[in-house]
Every structure is written in structure tokens, then in C-alpha cells.
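# Notes for the structure review
Below, each chain spelled out in residue letters.
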Amino acid sequence: MNKFKSVSSLKGCFQNRIMRISQKRIFGLLILFQLTIGLIAQSRCSFDEHWARQKKTNPRFSSQIDAVESRIQGRIQNLSPFESRSSFQIPVVFHVLWNTTEENLSEEAISTQLAILNQDFSGQNPDLNLIPNRFKSVAAAVGIEFCLASTAPDGTETNGITRTRTFVDSLSIQQVYYSSGEGQDAWDPDQYLNIWIAKLENSLVGFGSYPGQNIPAEDGVVIDYRVFGINDHPRLNLGRTLTHEVGHYLGLFHPWGDGIFNSNCAGDDRVPDTPLQSSTFSGQCPDSQNSLPESCGTADMYMNFMNYTNDLCLHMFTQGQRLRMLASLLEMRPGLLTSQACTGISQPNPAKGLVNIGPNPTRGSLYISSFLQGTSSVQLEVYNVNGQVVFQSAWDSLDRYFSYTLDMASWANGFYYLRLDIAGEELVRKLIKY
């Protein structure tokens, strides 16, 4: 009997141990499951939530945004033919807020993300050919280039990246903006696009401030480091979150409109060539080989950068979105166009004529053009990386318009610097020949 009790006791101990091991394994699996679900559940951005909160808490918000909208629409209607065809450059500073070494992103990771942003805004993204035939005719190269700032606000040289050590596990969007807490103060938002990178709380992935939405100290883009550039997120892994948030910064809404999503097709993004839709496509990557998903009586543009679709299936901005972003830039953020942050030499004053230079990079022909204010003289010089002049020419008494095609086909591949002087206004642009 005692032997029987001993065996029973051992059996009970063994069973209890198995249960404890099983419970630990189950607990571990649950933690892994929760972490995975947490990543998958992350929203594309918190723009709508911020918008709705400001409408609720700020009685003047709606009238302020209506005034901004009136200015943007007025500028769209009055864009000159040259403005609508021009390309523009925006200086960028990245504020890296880090606690762990994983969060302290490398310069290589930042350069990769910047290249993705430039590809998406120039219509040179490698997946552009995946746009369904239904929407290929409205796909647009926006014509905005983003460059790492080379000059800090105090005039010193910079690599366009600040790094701030934090001592908390995660940050709210509000916390990233201020050095008095765990964040980093913005550089002058009239001269720089400020982009804060941090580990964000509450499964947030990013936020881009709409023109006129935030006070200057909080104007810019915030993004979670886990969806920055090429990463291992299950859905947002190709750098398109930043493309999306910069779209908001330049005046774009989600395709379903300005506010919390509803499925009744009543929302509108104020862009005529983006169809109404009753889905955010969050976490989806539709198979459109046979037919496009439809809602609100039309095919859905799920591959638009302003949707919540997985990065793998985001491919395009539209012509209407392009005009809206250009109008927002020219009307609401004009200081970026005269900023000296990228080159140390200002771009030509938009009031004195805008310059178009492209394609850049180029294999051969580089097209340079500008509308002129009255009769003007133009000087063009190109230097190699050793500072030697490899091309120069000058024109006097030009009336209203300047255009020149620079043949670089026989030039050695590499970097060059173009200097253009129009009636005393200088522009310096780095060129790439390949």
C-alpha cells in the first residue's frame, strides 16, 4: 500500500511538472502570438484620429482647415503650366530617438529609406509596372525630391541626422517633439522637413502633419522605427509608411476622406481622379489579375500610396494628388523652396522664375528650363568632383523663357555639380551620370 502511494505520488509529481512545462510553453506561445498580432494590428497611421480629436477639442479647427483648403484649391486653379511641370527639392532632417541599439538606425538604413521616398515621388519605383491597366493613365511622377540637409540651422555642416538617447521604452507622438522631455526639438519647419524616428506607443506607426494642422514646433512627420525603410514587419516592410505620411504633410487625405473611416461612401479626399471607396484595405494585398475590387460604384484604387494596403501592393500617386501636393508646397510651405539647407546656396526665388532640371540621374541628355521674369541673363556651368569646369555657357537678354539640352552621353559616369545663375539668382544641383 505504501509502495502504491509512492508510485501515485511520483505519478502526481510528474503530471504536475508536465502541466507546468506545458503552461510555460503555452504562455510563451501566447506572448509570441500577442507580439505578432500587435505588429499585424498596427494601423498605417494616426492621421484620422488626430484630425477627429482636433475637430472635437478645438472650436476653430474646422474654420482654420477650411481656410487652408481654400488656399490650396485656389493655388491648384492658378498653377502656371511651368509650375505644374516643375520639380522641387525639400531639405530633410531625420531625428533618431533611441533607447536600444536596434532603435539607433544606421546611416545606411536612413539613406535606403530616403532613396525609396525619392523613387516613389519621382515615379521611378521598380513596382510601377504592377499598376492595373485601369489606373495606369492617371499615375504620376510627383516631381519632388528629398535631400538630406547638409547645413544645420546655425550654419554648421551636418549629415542631416540628429541622434537623441531616450530612457523610456516607447514614446507618444506628442513626446517626440520636445528636447525638454524625451524628444528632439524641430529644426526650423519653414526650412526643413523634420522626420522623427522612434519606438511609438500603442501600436502607432506614424503621423504626418497636414499643412496648417500643427503648431510649428510639431510640424513634420513621425514614424515608428520598426516600419522605417526595409524591415521585417509582416506588412509594412518596404518603406511605404514614410511615403504615406509625407503625402499627408503635403496636403493629401486618405482616399476615404478627412476623418475616421466610414463605409458609406460619403468621405472625399478632394482629389478628382481617386475614386470613392468603402474599404481601407488594411492588412490586404488584393489579387487584381482577374478583376479589381469594387465599391461605391467604381473600381478601388487599393494600390494608391494613401491607402492602408500592405507595402507590397502600393505603387502610385495620381495626377490629381500630384497637383494637390505641388499646390500645398507652393502655397503653404514656400520656405522649403528657398531653403539653403541642402546645398548652402538657395534655390531660385519662385517669384523670379522656377527651374526644371531632369532627368537626374541621367544616361545622356539633361533638360534645363525656366520661365524668366522679364529680360534676363543666364549662366550655366558644370563641375566635376575635382572642381574642374567641364562645361560652361552664357546667354544674354533672354526674354521670358530659357531652355537648354545638355548632352552628357560621352561624359564619364559619376557625380557632377551644376551651377545655374539666372539674373543673379543661383542654383546648385548635384547631377548623377550613369
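Provided above is the structure to which this section pertains.
Note that the structure is a prediction, hence the values are computed from the model and not measured.

The next subject is the nonpolar core. In this structure, Phe121, Phe146 and Leu250 are the most contacted members of the largest nonpolar core, which totals 41 residues. Elements with a contribution of two residues or more to this core: β1 (88-98), α5 (107-122), β3 (144-148), β5 (193-198), β7 (221-224), α6 (240-249) and α7 (319-332). If one sorts the elements of this core by residue count, β1 sits on top with 6 residues. Here Phe121 is in contact with Ala141, Val142, Gly143, Ile144, Phe146, Thr243, Val246, Gly247, Leu250, Phe317 and Met325, once residues within four sequence places are set aside. Ranked by size, the runner-up nonpolar core spans 23 residues in total, among them Phe207, Val222, Ala327 and Met332.

Tracing the backbone through its elements, the reader meets His254 in the loop between α6 and β8 (294-295). Within the structure, the side chain of His254 is placed 3.1 Å from the side chain of His248, a separation counted as a polar contact. Each residue touching His254, except ones within four places of it in the same chain, is listed here: Cys45, Phe47, Asp48, His244, His248, Asp269, Met306 and Tyr308.

Another point: the packing of α5 against α6. Across the interface, α5 lies against α6 with an axial gap of 9 Å and an inter-helix angle of 55°. The pairing of α5 with α6 is recorded here as oblique in orientation. The interaxial crossing formed by α5 with α6 has right-handed handedness. Listed contacts from α6 to Gln113, Ile116, Leu117, Asp120 and Phe121 of α5 are Arg240, Leu242, Thr243, Val246 and Gly247. Considering only residue class, the contact of α5 with α6 consists of 5 nonpolar, 3 polar and 2 charged.

Positive phi, close to 65°, is recorded for Cys265, a residue that is not glycine. The topology assignment puts Cys265 in the loop between α6 and β8. Look at Arg270: it is not a glycine, yet its phi comes out positive at around 65°.

This part takes up a nonpolar patch on the surface. Taken together, Val385, Phe415 and Tyr417 make up a surface patch of nonpolar side chains, about 300 Å² in accessible area. Of note, Val385 is situated in the loop between β12 (365-384) and β13 (389-407).

Attention now goes to the pattern of salt bridges. According to the stated counting rule, one finds 12 salt bridges in the structure shown. Notably, a salt bridge pairs Asp224 with Arg226, separated by 2.8 Å at the nearest N-O pair. Residue class for Asp224 comes out buried when judged on its relative accessible area of 0%. What makes Arg226 partly exposed here is its relative accessible area of 24%. One salt bridge connects Arg419 with Glu426, and the closest N-O pair in it is separated by 2.7 Å. Looking at Arg419, the relative accessible area reads 19%, which means it is buried. Residue Glu426 is classed as partly exposed on the basis of its relative accessible area, which comes to 26%. Sharing partners across several salt bridges, the network here consists of Glu381, Arg419, Asp421 and Glu426.

If you walk through the whole model with that rule in mind, you get 3 disulfides. Across the disulfide, Cys265 is cross-linked to Cys296 (sulfur-sulfur distance 2.0 Å). Its torsion about the S-S bond being -90°, the disulfide of Cys265 and Cys296 is classed as left-handed. Of this pair, Cys265 sits in the loop between α6 and β8 while Cys296 sits in the loop between β8 and β9 (298-299); the two residues are 31 residues apart in sequence, bridging distant segments of the chain.

What follows is about the environment of Ser376. Within the secondary structure, Ser376 sits in strand β12. A sequence separation of 21 residues divides Ser376 from Ser397, and the C-alpha atoms of the two residues are 5.2 Å apart.

Quick look at α6 now. Judged by how many residues are buried, α6 sits mostly within the fold: 10 of 10 residues are covered. Within the sequence span of α6, burial applies to Arg240, Thr241, Leu242, Thr243, His244, Glu245, Val246, Gly247, His248 and Tyr249. One or two positions beyond α6, positive phi appears at Gly251, with a value near 100°.

Bringing the packing of aromatic side chains into the picture now. Taken as a whole and assessed by the stated rule, the structure comprises 20 aromatic pairs. Through successive ring pairs, a cluster of aromatic residues spans Phe47, Trp51, Phe61, Phe207, Tyr210 and Phe253. Lying over the aromatic face of Tyr249, Arg333 brings its terminal NZ or CZ to 3.7 Å of the ring centre.

Reading the values: rules and limits
- Residues numbered from 1 in each chain as written.
- Predicted model: local features only at pLDDT ≥ 70, side-chain atom pairs only at ≥ 80, totals over all residues.
- Heavy atoms only, no water.
- Core = buried A, V, L, I, M, F, W, Y, C linked by side-chain atoms within 4.5 Å.
- Buried < 20%, exposed > 50% of the residue type's maximum accessible area, 1.4 Å probe, protein only.
- Helix = DSSP H or I, 4+ residues; strand = E, 2+ residues; numbered from the N terminus.
- Contact = heavy atoms within 4.5 Å.
- Polar contact = N/O pair within 3.5 Å; in protein donor to acceptor, adjacent residues only side chain to side chain.
- Axes fitted to C-alpha atoms, helices over the stretch in contact; angles between N-to-C directions.
- Parallel < 35°, antiparallel > 145°, perpendicular 65-115°, else oblique.
- Left-handed = near helix turned anticlockwise from the far one by under 90°.
- Nonpolar A, V, L, I, M, F, W, Y, C, P; charged D, E, K, R; others polar.
- Patch = residues over 30% accessible without salt bridge, like charges linked within 9 Å, V, L, I, M, F, W, Y side chains within 5 Å.
- Areas by Shrake-Rupley, 256 points an atom, 1.4 Å probe, with all protein chains shown as cover.
- Salt bridge = Lys/Arg side-chain N within 4 Å of Asp/Glu carboxyl O.
- Disulfide = S-S within 2.5 Å.
- Phe/Tyr/Trp six-rings, centres within 6.5 Å; stacked < 30°, edge-to-face > 60°.
- Lys NZ or Arg CZ within 6 Å of the ring centre and 35° of its normal.

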